[in-house]
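Structural characterization, general
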Amino acid sequence: MIVPLLASVIVGGAIITPVVIVLLRSLTTGKLGASVGFTVANYLRVFGDRDILPMLNNSILYAAGSAALGTGLGALLAWIVARTNTPGKALVELMPLYPILMPPIMKNIAWILLLAPKSGILNNLLQEYFGVETLIFNAFSMAGMVWVFGLACVPLGYLFLLPVFLSFDPSLEESAYIAGSRPVHTTLRITFPLAVPAFLSALVLNFLRGLRSFETPVLQGTPGNINVFVSRVYDSMALEFNTGLATAYSVVLVVLSVITLIFYVRATRFSERYATITGKGYRVKVLDIGAWKYVTFLAVFLYFLAGIAIPFVVLIVVSMIPYFDYETFMKFPSNMVLSNYTKVMRHPSFVTGLYNSLILSIIIALTTVLAGIVMAFTIYRTKTYGTKIFEFIGTLPLAFPPLVLSVGLVIVFLGTPLYNSLWALGLGLFVAYFPYAFRNASGSIVNIHKELDEAAWVHGAKWRHVFFQITLPILKPSVGGALFYIFIEAIRNVDVAVLLTSPGHEYGPVTLFEYFRVGQWAEAAAGGVIYLIILIVAVSVAKFAFNLKFSL
Amino acid sequence: MTKRIGTVIGIVILATLFLWRGGQGAEKSTKDAAPKAAATNATTNAAKAFDTVSKELYPKAKQEGNLIIYSVWDVEHLRGVSDAFMKRYPGIKVTYWQGRNPEIVTRVLTEFQGGQSSVDVILSDNAPPVIRAAGGIMPYETVQKSVLVLHDPTLPTVSLQIQALSYNTKKIKPAELPKSWEDVANPKFKGMVALDDPMRAGPLSSMLAGLKGQWKNDTRFNNFLKGLKALNVPVHKSTSAMFRLVIAGEYAICMPALLHDVFEEKGKGTPVDYVQTVPPIVFPRQAGIYAKAPNPNTAKLFAEWAISTEGQQVIDSLGRESARNDFKSKTSIESAFPKGTKPVPVTDKLFLEDPKKWLDTYVKPIWEG
């Protein structure tokens, strides 16, 4: 047992170091560059900030709304795909997968163009074809923000819940059927409650992502006069260049994260109650939902439309017209131009950046997922006292806005040979994405009944036998999903990578997504379309030519 | 006789008039010639000074062999400038890292505190003065200062950020446009204007700092700010996103836009233009030399080359505004604005070095009060 514990301590140490460094910075007096001494002035400013409560209120509303919408929809899609006889199986399996490939910032831009009050495509369509003068849609509202970020939260919910619905002890549901329960009741009272740990895991992650997300609040919230808490963190960096103050503000997010995690740990404290994979074997029982199967197909198709098809079409058109306004948009394709594509293809870092990001993302996905499982195994399968602390350590990086976290990482690497190398970038991305791998593993491992391990222990197995021959093979579906998700997230990361890239070491997304950052939306759309096409082809080839499952 | 006298008088009057006008013309041409000659002298002297300093720095720079730039400029622009510099000075390799201003400041100052010699030149607008205030800049005064629109004795200005009042030509008629920056605060523009967030270190706050410095009238400044506040219009933290929404037709007036963006979009046939009668706000884009630069001679050579006519041609070809007052291009103030337009420079030291403090002192009490 010492090996997984030691591995968890090392991984935990690697994760906690930049976090501790930024926390220490919050106790320093000066701004960057000035001489520093210890003080609590930053905290006094944070707690004396009279705007903090309305901002927190907005943040919680936005994060909770998005997390609930995204995780709920993701769970529903996972259930439809895994447990129902919805027609068009191959299509239904693929449709929830493609929206994962679309970066949230692309969705932001596309939905702003669709939902903007005066210039948005939807309001103008309603006005032109139905004579509706009232501005129905408003991208710059809380509802608009929740809709757009909620859509970005669906993939996590889907990938976390799918393995749970795919690996069920049939006796649990069969008992209900024998007792006379109908399929709908069995689903509501047996199936869904058993998925609670994975659901809460995804909900917690999505909630924390919402709390620290910046792009949607900046692009959609600020024009609607909706200010969220994290903008205070960014203002401290962008206006005052004061990482200490930014970290002190981030500590509020840490407190909220800890409260959320305590809620999660308490909700899942009797982990054996949620074990769906037991020694009695498991298989998937597909429910015949009758005519409802067409409704479920429609639900998946609607998500596919909202999650990728509609925004993707908008971006394709925007990338091929001289400029965006409703009139020019509607003239497409008579006004088609391809100059944005030639510009993007000539981007100085397009090829080298893409190569570096591809290699790094594969490595990051593999290492974070393996380390995440080891840590979850240490918490839930070794009976070592105090390992629950890893539950917090493993999730902590998620509580910090990326720019704050990356300052901690820069300080860690500064002065070492790792600084300004791809190694530093790789380790930084490891810290940033470990929480996703860990939460996924911890949610899944809870679903495996301890009796499987105990049977092995009784027969004298060592930890490595239990880990590699029992836990890891059973976790295979969720491992696939986590690998896929982290790879996709890492290959498009900008926030953490930006401070860790160095002259001469380009990282694809940082340069490619620069178009989004500087507001060149047409070029950004062209870059995004190229990027999405590459990923869609890769996923489709992997799915059909090599029969890769992506946890399906 | 009378006729003759009349003819003589007429000739005398005409001759007098001719001589008077000729003299006046000569006086005028002498008056015009003086600044022209001075400008020509400044150009010649700057060229000579550049030639001398270039010959002096290049051998040392060649020995150093590298130049590392951190910049807020687009990667394509960085590549354009780097390639031209490497072609002009063989034996020097240029690498760069691109980030936003807060990222540049954070990275440079964290490296500075850590004693890291990681960068030579910080090529940006807002970042260099902030880094200088924290001690992270090696002071360097360009030898070509006489030709610069905005000169800073410790930070070479290589380009200008010019802000203009931009509008969507489909959404507002020229006759209805605001005639000045102050006119934007007129209640009739409510619902038409998009404002950059005045409480962040962005174009609108730079504009406010520039106008405050020029007006030197607190009441006028406060009334202007109160007027903007009373419009109760959306504010944006992303100037570029705001500009896109103006192009899309969400708003009619963009307060403010960057002139090079307006020109680029106009070139594509986008329905945007700018109000020429509203004086432009000019903000320096500088090539600050890092205090612990590993290649200081190359950094100085780069700054001088960027200010030289050669360097300015490269910068202008990328669509960025020239820093020189003797360089004519479509985005130079003389070409883009009516003759005699006086630009509003942003030179407030407090704003440049500690924008938060400046905003807290002059803007926050009115904007958030």
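Residues numbered from 1 in each chain as written. Chains lettered and ligands numbered in written order. Predicted model: local features only at pLDDT ≥ 70, side-chain atom pairs only at ≥ 80, totals over all residues. Heavy atoms only, no water.

Bringing the overall build of chain A into the picture now. Helices and strands together make up the secondary structure of chain A, namely 27 helices and zero strands. For chain A, the residues scored as buried account for 61% of the 552 residues in total. Residue pairs at least 24 apart in sequence account for 79% of intrachain contacts in chain A once pairs closer than 6 positions are excluded. Of the roughly 20700 Å² that chain A leaves accessible, carbon and sulfur atoms contribute 71%. (Helix = DSSP H or I, 4+ residues; strand = E, 2+ residues; numbered from the N terminus. Buried < 20%, exposed > 50% of the residue type's maximum accessible area, 1.4 Å probe, protein only. Contact = heavy atoms within 4.5 Å. Areas by Shrake-Rupley, 256 points an atom, 1.4 Å probe, with all protein chains shown as cover.)

The helix and strand inventory of chain B stands at 14 helices and 11 strands. Within chain B, the proportion of its 369 residues that are buried is 57%. Long-range contacts, defined as pairs at least 24 residues apart, comprise 77% of the intrachain contacts of chain B with a sequence gap of at least 6. Counting only carbon and sulfur atoms, one obtains 57% of the accessible surface of chain B, whose full area is about 15200 Å².

What follows deals with the environment of A:Leu532. Note that A:Leu532 resides in helix α27 (residues 521–544). Separated by 429 residues in sequence, A:Leu532 and A:Pro103 place their C-alpha atoms 8.9 Å apart.

All names here are of chain A. Note that Thr 28 resides in the loop between α1 (2–25) and α2 (41–47). Judged by relative accessible area, Thr 28 falls into the buried class, the value being 12%. Through-space distance from the C-alpha of Thr 28 to that of Glu 173 is 57 Å; in sequence the pair is 145 residues apart.

Attention shifts here to the packing of α1(A) against helix α19 (residues 402–413) of chain A. Residues and elements named next belong to chain A. At their nearest, the axes of α1 and α19 sit 8 Å apart, and the two run at 105° to each other. If you check the angle between α1 and α19, you find them roughly perpendicular. Of the residues in α19, those touching α1 at Thr 17, Pro 18, Val 19, Ile 21, Val 22 and Arg 25 are Val 404, Leu 405, Gly 408, Leu 409, Ile 411 and Val 412. (Axes fitted to C-alpha atoms, helices over the stretch in contact; angles between N-to-C directions. Parallel < 35°, antiparallel > 145°, perpendicular 65-115°, else oblique.)

Attention now goes to the side chain of A:Arg232. Residues and elements named next belong to chain A. Note on placement: Arg 232 falls in helix α12 (residues 230–238). Relative accessible area serves as the criterion here: at 16%, Arg 232 is assigned to the buried category. A distance of 2.6 Å separates the side chain of Arg 232 from the side chain of Asp 49, its partner in a polar contact. Sequence-distant contacts of Arg 232, defined by excluding residues within four places in its chain, comprise Asp 49, Asp 51, Met 55 and Tyr 249. (Polar contact = N/O pair within 3.5 Å; in protein donor to acceptor, adjacent residues only side chain to side chain.)

Moving on, we get to the pairing of strand β4 (residues 157–168) of chain B. Residues and elements named next belong to chain B. In terms of burial, β4 is largely enclosed, as 12 of its 12 residues are buried. As paired elements, β4 and strand β9 (residues 281–289) share six bridges and run antiparallel to each other. Across the sheet, the residue bridging to Gln 161 is Phe 283, located in β9. Relative to strand β8 (residues 272–274), β4 is paired through three bridges, and the arrangement is antiparallel. Opposite Asn 168, over in β8, you have Val 272 as the bridge partner. (Pairing = 2+ DSSP bridges.)

This part is about the interface of chain B and chain A. Contact with chain B, which involves 55 residues of that partner, is made by 61 residues of chain A. Both faces considered, chain B and chain A share a buried interface measuring about 4800 Å² in area, 57% of it formed by carbon and sulfur atoms. Counting across the interface, chain B meets chain A through five salt bridges. Sorting the residues of the side of chain B that touches chain A by element identifies β1 (66–71), α2 (75–88), β2 (93–98), α3 (101–113), β6 (235–236), α7 (239–248) and α13 (355–362) of chain B as the ones contributing at least two each. A per-element tally of the side of chain B that touches chain A places α3(B) first, with nine residues. (Buried area = accessible area lost by both parts, 1.4 Å probe. Salt bridge = Lys/Arg side-chain N within 4 Å of Asp/Glu carboxyl O.)

All names here are of chain B. The alternating pattern of strand β5 (residues 193–196) places Val 193 and Leu 195 and Ala 194 and Asp 196 on opposite faces, both of which are buried. Note: β5 against strand β7 (residues 253–258), three bridges, orientation parallel. If you follow Leu 195 over to β7, its bridge partner there is Met 255. For β5 and β6, the ladder comprises two bridges, and the chain directions are parallel. Residue pairing in the sheet places Asp 196 in a bridge with His 236 of β6.

All names here are of chain A. Along its 12 residues, helix α22 (residues 463–474) runs 15 Å from first to last C-alpha, staying within 8% of the 16 Å computed at 1.5 Å per residue. Listed in full, the buried residues belonging to α22 are Trp 463, Val 466, Phe 467, Ile 470, Thr 471 and Ile 474. What you see down the axis of α22 is that its buried residues fit within an arc of 130°, all on one side. (Expected span 1.5 Å × (residues − 1). Arc of directions from axis to C-beta.)

What follows is about the environment of B:Asp83. For B:Asp83, the position within the fold is in helix α2. Measuring from C-alpha to C-alpha, the distance between B:Asp83 and B:Val314 comes to 10.0 Å, with 231 residues separating the pair along the chain.

Enumeration according to the criterion identifies 25 aromatic pairs over all chains in this entry. Taking 5.8 Å as the distance between ring centres and 70° as the angle between the ring planes, the aromatic pair formed by A:Phe324 and A:Phe329 counts as edge-to-face. Relative accessible area serves as the criterion here: at 12%, A:Phe329 is assigned to the buried category. Three or more aromatic residues joined by ring pairs form one cluster here, namely B:Tyr58, B:Phe85, B:Tyr89, B:Phe302 and B:Trp305. Seen from the ring of B:Trp97, B:Arg107 lies directly overhead, with NZ or CZ sitting 4.4 Å from the centre. One residue, B:Lys229, lies across the ring of B:Trp367, its end atom 5.5 Å from the ring centre. (Phe/Tyr/Trp six-rings, centres within 6.5 Å; stacked < 30°, edge-to-face > 60°. Lys NZ or Arg CZ within 6 Å of the ring centre and 35° of its normal.)

Our focus in this paragraph is the pattern of salt bridges. When charged atoms on two side chains of opposite charge get close, those side chains can pair. This structure, assessed with the given rule, holds 28 salt bridges over all chains. B:Lys237 is paired through a salt bridge with A:Asp235; the nearest N and O atoms lie 3.7 Å apart. Placement of B:Lys237 in the loop between β6 and α7 and of A:Asp235 in helix α12 is noted, with the two residues assigned to different chains. You can call B:Lys237 buried: its relative accessible area is 15%. Residue B:Asp218 pairs with B:Lys212 through a salt bridge whose shortest N-O separation is 3.2 Å. What makes B:Asp218 partly exposed here is its relative accessible area of 47%. Connected through salt bridges with shared partners, the residues A:Lys343, A:Glu523, B:Arg244, B:Glu265 and B:Lys268 form a single ionic network.

Attention now moves to the packing of helix α21 (residues 450–458) of chain A against α22(A). Residues and elements named next belong to chain A. Remark: α21 packs on α22, axes separated minimally by 10 Å, with the N-to-C direction vectors making an angle of 150°. Taken together, the axes of α21 and α22 are roughly antiparallel relative to one another. Viewed along their axes, α21 and α22 form a crossing whose handedness is right-handed. The residues of α22 that touch α21, namely those facing Leu 452, Asp 453, Ala 456 and Trp 457, are Trp 463, Val 466, Ile 470, Thr 471 and Ile 474. Its residues placed into classes, the contact of α21 with α22 shows seven nonpolar, one polar and one charged. (Left-handed = near helix turned anticlockwise from the far one by under 90°. Nonpolar A, V, L, I, M, F, W, Y, C, P; charged D, E, K, R; others polar.)

Turning next to helix α10 (residues 309–317) of chain B. Residues and elements named next belong to chain B. Every buried residue belonging to α10 is among Gly 311, Gln 312, Val 314 and Ile 315, and all of these are buried. End-on view of α10: buried residues confined to an arc of 155°, all on one side of the axis. On its buried side, α10 packs onto α2, β4, α9 (296–307) and β10 (321–322). Two residues or fewer after α10 comes Gly 319, characterised by a positive phi angle close to 95°.

Turning to the side chain of A:Asp49, a few remarks are in order. Turning to its location among the elements, A:Asp49 is positioned in the loop between α2 and α3 (52–83). Assessed through its relative accessible area of 12%, A:Asp49 is described here as buried.

All names here are of chain B. Looking at chain B as a whole, the pLDDT averages 89, with 90% of positions reaching at least 70. Across chain B, the element-wise mean pLDDT spans from 70 in helix α1 (residues 2–64) up to 98 in α9. Scored below 50 in pLDDT, residues 17–23 shows one contact in the model against residues more than four places distant or in partner chains. As a predicted assembly, this complex carries a pTM of 0.82 together with an ipTM value of 0.79. (pLDDT = per-residue confidence, 0-100.)

Let us now look at unusual backbone geometry. Each neighbour pair has its own omega, and for A:Phe332 with A:Pro333 the value is 10°, a cis peptide bond. Locating A:Pro333 in the fold gives a position in the loop between α15 (326–331) and α16 (339–345). The omega torsion across B:Met255 and B:Pro256 is -10°, close enough to zero to call that bond cis. Here A:Phe241, not a glycine, exhibits a phi torsion of approximately 50°, which is positive. Owing to a relative accessible area of 7%, A:Phe241 belongs among the buried residues under this scheme. Its identity is not glycine, yet A:Asn420 carries a phi of approximately 65°, on the positive side. With respect to the helices, strands and loops of the structure, A:Asn420 is situated in the loop between α19 and α20 (422–445).

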